[in-house]
Number of protein chains: 2
Amino acid sequence: LDYQHVQVPFEITLWIMLASLAKIGFHLYNKLPSVVPESCLLIFVGLIMGGIIYSLNDKSPPVMDSDIFFLYLLPPIVLDAGYFMPSRPFFENIGTILLYAVVGTIWNVFGIGFSLYGICQVKAFHLQDVSLLHNLLFGSLIAAVDPVAVLAVFEEIHVNEKLHILVFGESLLNDAVTVVLYKLFRSFCEMPTIKTVDIFAGVGKFFVVGLGGVLVGLIFGMTAAFTTRFTKDIRVIEPLFVFLYSYLSYLTAEMFHLSGIVAIIACAMGMKRYVEANISLKSHTTVKYFMKMWSSVSDTLIFIFLGVSTIGENHEWNWPYICFTVIFCLIWRALGVLVLTFFVNRFHVNTITSKDQFIIAYGGLRGAICFSLVFLLPDFHRKKLFIAATTVVILFTVFIQGMTIRPLVDLLAVKRKRESAPTVGEQIHIRFLDHLLAGIEDISGHWGQYYWKDKLEYFNSKYLQKILLREYDQPKSSIVLLYEKLERKHAIELAEAGQLGHALSHPSLLYSVFLCSNNDRTVIMDKKLEDTLNPDVLENIQEILARNLYRIRRTGPAYNRHTLPGEMEPVEHAKGILILRHKSL
Amino acid sequence: LDYQHVQVPFEITLWIMLASLAKIGFHLYNKLPSVVPESCLLIFVGLIMGGIIYSLNDKSPPVMDSDIFFLYLLPPIVLDAGYFMPSRPFFENIGTILLYAVVGTIWNVFGIGFSLYGICQVKAFHLQDVSLLHNLLFGSLIAAVDPVAVLAVFEEIHVNEKLHILVFGESLLNDAVTVVLYKLFRSFCEMPTIKTVDIFAGVGKFFVVGLGGVLVGLIFGMTAAFTTRFTKDIRVIEPLFVFLYSYLSYLTAEMFHLSGIVAIIACAMGMKRYVEANISLKSHTTVKYFMKMWSSVSDTLIFIFLGVSTIGENHEWNWPYICFTVIFCLIWRALGVLVLTFFVNRFHVNTITSKDQFIIAYGGLRGAICFSLVFLLPDFHRKKLFIAATTVVILFTVFIQGMTIRPLVDLLAVKRKRESAPTVGEQIHIRFLDHLLAGIEDISGHWGQYYWKDKLEYFNSKYLQKILLREYDQPKSSIVLLYEKLERKHAIELAEAGQLGHALSHPSLLYSVFLCSNNDRTVIMDKKLEDTLNPDVLENIQEILARNLYRIRRTGPAYNRHTLPGEMEPVEHAKGILILRHKSL
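Per an unreviewed UniProt entry, chain A goes by Sodium/hydrogen exchanger and derives from Rynchops niger. Under the Subcellular location (unreviewed entry) heading, UniProt states for chain A: "Basolateral cell membrane". Annotation of chain A in UniProt includes, under Sequence similarities (unreviewed entry), the sentence "Belongs to the monovalent cation:proton antiporter 1 (CPA1) transporter (TC 2.A.36) family."

So this is what it looks like as structure tokens:
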């Protein structure tokens, strides 16, 4: 028996196996996962495993290594989150999300830190030796909402899209703030004196860490998209690039002390549309499924390890400190959400209801990130107290809040996610409104989100797509592509049914969506013609439509915001109209 | 900058990235991969990389770690090979493959070992200090054909299926022999005296290592199949089990000093049909694509590392020894193939032609396994000579033989792989012949391959499927499933074309494949009825067919080899016939 030789991969495989089998086990009894969130069950399995290891070895089971967590377990989950991020609600609420993530987190850090310092001054608790700086350091790691925990719970309760993106977006983007504050306070702890300059440098770092992460992510994302242009002959390694480049973006960001989470999200969101257009359908299925599988395994492992690491002798159970930590975490988050939402609602028409506010405050779950950060703390005599407090806060939020949030959502009748996908009609209306709003913002000189979205789309179709897409044709809107797909499918069906002969002109009329694409804008008129038109009438209609289509396309440039009216080939335009008139005469 | 922190994953990702980009690079110029095999190009890239590292650092670049190779790079390739192994040709030629793999490899080991020992006796070469045992040890590592190299070259030249499986099967199954001989000679090198008992124990080990590997593989394969019975509610982690269990089988086999390669192949081949039936279609696509991707990356990395490791100061260039090694490798393999094929052809009707023999001998490429084994040798003063000789043999076989084998196949007009898949008619005939031969073998009392195949199928449908499959229905042959699929597809098409009304009875007649399944046997009559039959005629035909179908099904048990004639409900059988007769009167 040569166990030493295969130990590392064998044990890793066994842990993954345990995690997967635990997952299967829960789902064998359908009732269990509908009452208790999976994350709780997994932590419970971890606790049992930890207990077994502890009783067998008579020493504390191995704790989750922070390096393993940050380098191997976290990236797949964040990649999955970024890749499948619903980009429309995310960008629509980006202001609110950033407010919660930046101001809200800072509010929580200082709120919790200062109040705990207050508690430490009570002589009866024997905590006078915990300095303000240590309390703030602890506040910086306990304040941040954890994306893994949030995802695990919110995926199961199906609240409405906006609420989901607010909590989830905050949990992702607060990483930059957490990283900066945590490192700032940690370095302050080691400094003999703190100068005012250091504090200002810390504030400046927010922008460097956050925006630097976005930049690194976008660079890798664009490179990934560019690389997939050339994989036509070796489809088999296409999915690889999605994983490699996003992982590299994470590692590079971490290397430069930027926010890795922000980088990987920017990378995934940036490359998605181009990569999807370049790679084959089966590669795309592989990417999607493998990403889901991988993040699911990571997630499972994290919760099991969280349970395992809880068992042991790493804790100092000073109950007043621990209880007040839990209470302050709840209070400051609730206050923060109330105050920030008050300001948000003043500037928005579509306000956040008080029910939604409650769920946002209540959904602030803590998880493995806090846990890893607390173990990364430099050794000092009260580290075990912080570990104990963090463990209790995590278990409290995941178990108590995680298990009660679903009944509360039911009880409050919080608006749920709509089940059906938007219809084509709705999609067209949404696009039309975007258009209109972009035009209004342009005319009024307001640099709003629609203005920027429009600019970005223009930049995308004019430059990015040409560089990043393999088959760059005309910029086609998704509706045109859908129409083409439907027509092709219908033609194949007719051919297979052996009746293509007499229905050749059918498909193009049956779904006669007349498209008049005008650079990046699409005006669509949906007409359903009767099946019973005779061929002469049909021909006549087609002729009229062709002429109108021509006219619309020609008059298009008049309302294009990226060219002056009359800038685009006015001579040809006039000529075209003349020819048309001549013909009609 | 904190490079230390992310170094390990960062460098691994960069190496994989380099490998993938190199692959893309070759395929940008279509001419290159059609002349030079990809493996040669990758080694070349590796040589350049190694040269760069060598010139920058002024020391030898890191060699491929044997542990990394055997634990992480080799398993994905072997898993892919086992999972996509064409099982029919493999089992049809299993005798020949085993003969080549076991006897052929032993022949080569001793042939090369003894002849090199002869060369060492020539005083002019200054090699008298290399003992017979060391030569045999070297022979044991250099004799084995490498599956990775064979796969890389043979996948590109498309020789006929039998030839492919002979070379490829040999390269996979010789692992057991190589492992045993290599470890035997290595332990002999360290022993003061060798007893006869040790030699006999070594011979006995062949069976233990090989059959033990098969056993371990089958146990894990069956467990994997059993596990996928319960994944219905969490489709997302289904693909994981295929990878986890096969990797565990490899590691477990290695742990017990059994053949890991044999284990993983047995595991993959054993679980495939059950897992495929249990998991969803998209999970299966993910498994297939991810396996291909992973093995492709592993393969690429191996060849690049092979190139990188070649550069450096690990070599002792004693050219006579090296040249004679290459020559003996070629000669002994050619002789071995000739002698063994002579015996094989005496016992087979479908003989191996002399052209095929030449390709088998010429296709004996050496690769990364030899390379890793030579680095695993215990330190002794001539290790660098062995490393140099191994490197040259690998480069010679991969470059010279790998690049000339395609022109040679063209020149000799070796029978190629048929392009098209076998038709349904052919499949039915093959199955019918299998049936017939199983019956003949049974009657004549001969325990041939058809007899065993039939027994295995019976065991499978009677016990294994009931335990391992989630939806165990009737044992359905693949043709029945194909028919059902076609019928369903056709019905959907008709419904979509809006003409289901008048053609309802159409689909079941259009492909009227009349199936009469009789436990594990299927007699199929394929009839294409004219489209222009009137309804009365149709009804009449259907009635006649229904009656005939009944009769065939009833008389079935008479030729079922697993029940005695008349054992299965003879009363009901007779009653059925009576009723039918009564009706026809």
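K.L.:
Help me out: how do you make sense of the overall build of chain A in this one?
P.N.:
Within chain A, the regular secondary structure consists of 23 helices and 2 strands. The long-range share in chain A, meaning contacts at least 24 apart out of those at least 6 apart in sequence, stands at 79%. Total accessible area on chain A is roughly 28500 Å²; 66% of this is exposed by carbon and sulfur atoms.

K.L.:
Before we go on, may I ask you to explain the packing of helix H15 (residues 354–362) of chain A against helix H17 (residues 383–412) of chain A in this structure?
P.N.:
When two helices pack together, their arrangement is captured by the angle between the axes and the distance separating the axes. Residue and element names in this part refer to chain A. Contact pair H15 / H17: the axes reach a minimum separation of 11 Å and the direction vectors enclose 170°. With respect to H17, the element H15 is oriented roughly antiparallel. Between H15 and H17, the contacting residues are Lys 355, Phe 358, Ile 359 and Tyr 362 on the first element and Ile 400, Gln 401, Thr 404, Ile 405, Leu 408, Val 409 and Leu 412 on the second. Residues that form the contact of H15 with H17 fall into these classes: 8 nonpolar, 2 polar and 1 charged.

K.L.:
I tried to follow the relation of the copies chain A and chain B on my own but got confused; where do I start?
P.N.:
The operation relating the pair of chain copies consists of a rotation about an axis and a translation along that axis. Superposing chain A onto chain B requires a rotation of 180° together with a translation of 0.0 Å along the rotation axis, leaving an RMSD of 0.1 Å. The superposition operator between the copies reduces to a two-fold rotation axis. Identified as the residue of chain A closest to the rotation axis by C-alpha distance is Thr 286 of chain A, at 2.3 Å.

K.L.:
Explain the pattern of salt bridges here, please?
P.N.:
Side-chain pairing between opposite charges can occur once the charged atoms of the two side chains come close. Residue and element names in this part refer to chain A. All chains considered together, the criterion is met by 26 salt bridges over all chains. Between Glu 457 and Arg 273 there is a salt bridge, and its shortest N-O distance comes to 3.1 Å. One end of the pair, Glu 457, is in helix H19 (residues 449–468); the other, Arg 273, is in helix H12 (residues 260–278), and 184 residues separate them in sequence. One salt-bridge network, in which partners are shared between bridges, spans Arg 88, Glu 92, Asp 434 and Lys 453.

K.L.:
Just checking my understanding: could you explain the domain arrangement of chain A for this structure?
P.N.:
Residues and elements named next belong to chain A. What the domain assignment reports for chain A is domain 1 (3–412) and domain 2 (425–473). Distance from the C-alpha centre of domain 1 to the C-alpha centre of domain 2: 33 Å. If you look at the interface, domain 1 gives 16 residues, while domain 2 gives 14 residues. Approximately 1200 Å² of surface area, both sides summed, lies buried where domain 1 meets domain 2, with 43% of it carried by carbon and sulfur atoms. Remark: the boundary between domain 1 and domain 2 carries 2 salt bridges.

K.L.:
Got a minute to help me understand the packing of aromatic side chains in this structure?
P.N.:
In this description, an aromatic ring pair is defined by two values, namely the gap between the centres and the angle between the planes. By the definition in use, this model includes 53 aromatic pairs over all chains. The interplanar angle of 55° and the centroid separation of 5.1 Å between the aromatic rings of Trp 15 of chain A and Phe 305 of chain A together place this pair among those described as tilted. Here the residue Trp 15 of chain A occupies a position in helix H1 (residues 3–28), and Phe 305 of chain A occupies one in helix H13 (residues 281–310), the gap between them amounting to 290 residues. Residue Phe 305 of chain A is classed as buried on the basis of its relative accessible area, which comes to 17%. Members of the aromatic cluster, joined through ring pairs, are Phe 243, Phe 290 and Trp 294 of chain A together with Phe 243, Phe 290 and Trp 294 of chain B. Directly above the ring of Tyr 83 of chain A sits Lys 272 of chain A, whose terminal nitrogen or CZ lies 5.5 Å from the centroid. The ring centre of Phe 84 of chain B lies 4.2 Å from the NZ or CZ of Lys 292 of chain B, which sits over that ring.

K.L.:
How should the packing of H1 of chain A against helix H4 (residues 66–83) of chain B be read in this particular structure?
P.N.:
The geometry of H1 of chain A relative to H4 of chain B is characterised by a closest axis approach of 11 Å and an angle of 45° between their N-to-C directions. Overall, the two elements H1 of chain A and H4 of chain B adopt an arrangement that is oblique. Judged by the twist between their axes, the crossing of H1 of chain A over H4 of chain B is right-handed. Residues His 5, Val 6, Val 8 and Pro 9 of chain A of H1 of chain A form the contact with H4 of chain B, whose participating residues are Asp 67, Leu 71 and Tyr 72 of chain B. Its residues placed into classes, the contact of H1 of chain A with H4 of chain B shows 5 nonpolar, 1 polar and 1 charged.

K.L.:
Would you take a moment to explain unusual backbone geometry for this structure?
P.N.:
Residues and elements named next belong to chain B. Phi angles above zero are rare outside glycine, and His 126 is one such case at about 55°. Position of His 126 among the secondary structure elements: in the loop between helix H6 (94–120) and helix H7 (132–142). If you check the backbone angles, His 158 has positive phi at about 55° while not being a glycine. Along the chain, the position of His 158 falls in the loop between helix H8 (147–157) and helix H9 (161–190).

K.L.:
Where do I start with the state of the cysteines in this structure?
P.N.:
As used here, a disulfide is simply a covalent bond connecting the sulfur atoms of two cysteines. Tallied over the entire structure, the rule returns 0 disulfides over all chains. Free of any disulfide, Cys 120 of chain A has its nearest neighbouring cysteine sulfur in Cys 189 of chain A, separated by 13 Å.

K.L.:
Please clarify how the interface of chain A and chain B should be interpreted in this entry.
P.N.:
A common way to express how large an interface is: the accessible area buried when the components associate. Taken residue by residue, the interface counts 56 residues in chain A and 57 residues in chain B. Interface area, chain A with chain B, both sides summed: about 5600 Å², of which 77% is carbon and sulfur. Three residues, Met 255, Tyr 289 and Met 293 of chain A, lead the burial of chain A against chain B; their summed loss comes to 11% of the area buried on that side. For the side of chain A that touches chain B, the secondary-structure elements that each account for two or more residues are H1, helix H4 (66–83), helix H11 (238–255), H13 and helix H20 (478–496) of chain A. When residues of the side of chain A that touches chain B are assigned to their parent elements, the largest contribution, 16 residues, is made by H1 of chain A. For the side of chain A that touches chain B, a count of residues per class yields 33 nonpolar, 13 polar and 10 charged.

K.L.:
Hey, could you run me through H19 of chain A in this one?
P.N.:
An α-helical segment advances 3.6 residues per turn. Residues three or four places apart therefore align on the same side. Residues and elements named next belong to chain A. A rise of 1.5 Å per residue sets the reference length of H19, with its 20 residues, at 28 Å; its end C-alpha atoms lie only 25 Å apart and thus fall more than 12% short of the reference. Its axis deflected by about 45° at Asn 460, H19 carries its strongest bend there. Three or more residues of H19 are buried, namely Tyr 450, Tyr 451, Asp 454, Tyr 458, Asn 460, Ser 461, Gln 465 and Leu 468.

K.L.:
Would you explain the side chain of Thr 285 of chain B in this entry?
P.N.:
Mapped onto the secondary structure, Thr 285 of chain B falls in helix H13 (residues 281–310). In this structure Thr 285 of chain B comes out as buried when scored by relative accessible area, which is 14%. In contact with Thr 285 of chain B, not counting residues within four places along its chain, are Lys 282 and Thr 286 of chain A.

K.L.:
Can you help me understand a nonpolar patch on the surface in this one?
P.N.:
Residue and element names in this part refer to chain A. The grouping of Trp 107, Ile 327, Leu 330, Ile 331, Leu 335, Leu 338, Val 339, Phe 342 and Phe 343 at the surface amounts to a nonpolar patch, some 770 Å² of accessible area in total. When residues in the nonpolar patch are grouped by element, the largest group, 8 residues, is from helix H14 (residues 319–346). With respect to the element layout, Ile 331 can be found in helix H14. Among the residues examined, Ile 331 registers a relative accessible area of 41% and is labelled partly exposed.

Rules used throughout
Residues numbered from 1 in each chain as written. Chains lettered and ligands numbered in written order. Predicted model: local features only at pLDDT ≥ 70, side-chain atom pairs only at ≥ 80, totals over all residues. Heavy atoms only, no water. UniProt positions renumbered as here; feature names shortened; annotations may be inferred. Helix = DSSP H or I, 4+ residues; strand = E, 2+ residues; numbered from the N terminus. Contact = heavy atoms within 4.5 Å. Areas by Shrake-Rupley, 256 points an atom, 1.4 Å probe, with all protein chains shown as cover. Axes fitted to C-alpha atoms, helices over the stretch in contact; angles between N-to-C directions. Parallel < 35°, antiparallel > 145°, perpendicular 65-115°, else oblique. Nonpolar A, V, L, I, M, F, W, Y, C, P; charged D, E, K, R; others polar. Least-squares fit on C-alpha atoms with pLDDT ≥ 70 in both. Salt bridge = Lys/Arg side-chain N within 4 Å of Asp/Glu carboxyl O. Domains from an automatic or database assignment. Buried area = accessible area lost by both parts, 1.4 Å probe. Phe/Tyr/Trp six-rings, centres within 6.5 Å; stacked < 30°, edge-to-face > 60°. Buried < 20%, exposed > 50% of the residue type's maximum accessible area, 1.4 Å probe, protein only. Lys NZ or Arg CZ within 6 Å of the ring centre and 35° of its normal. Left-handed = near helix turned anticlockwise from the far one by under 90°. Disulfide = S-S within 2.5 Å. Expected span 1.5 Å × (residues − 1). Bend = angle between axes of the 7 residues up to and from the residue. Patch = residues over 30% accessible without salt bridge, like charges linked within 9 Å, V, L, I, M, F, W, Y side chains within 5 Å.

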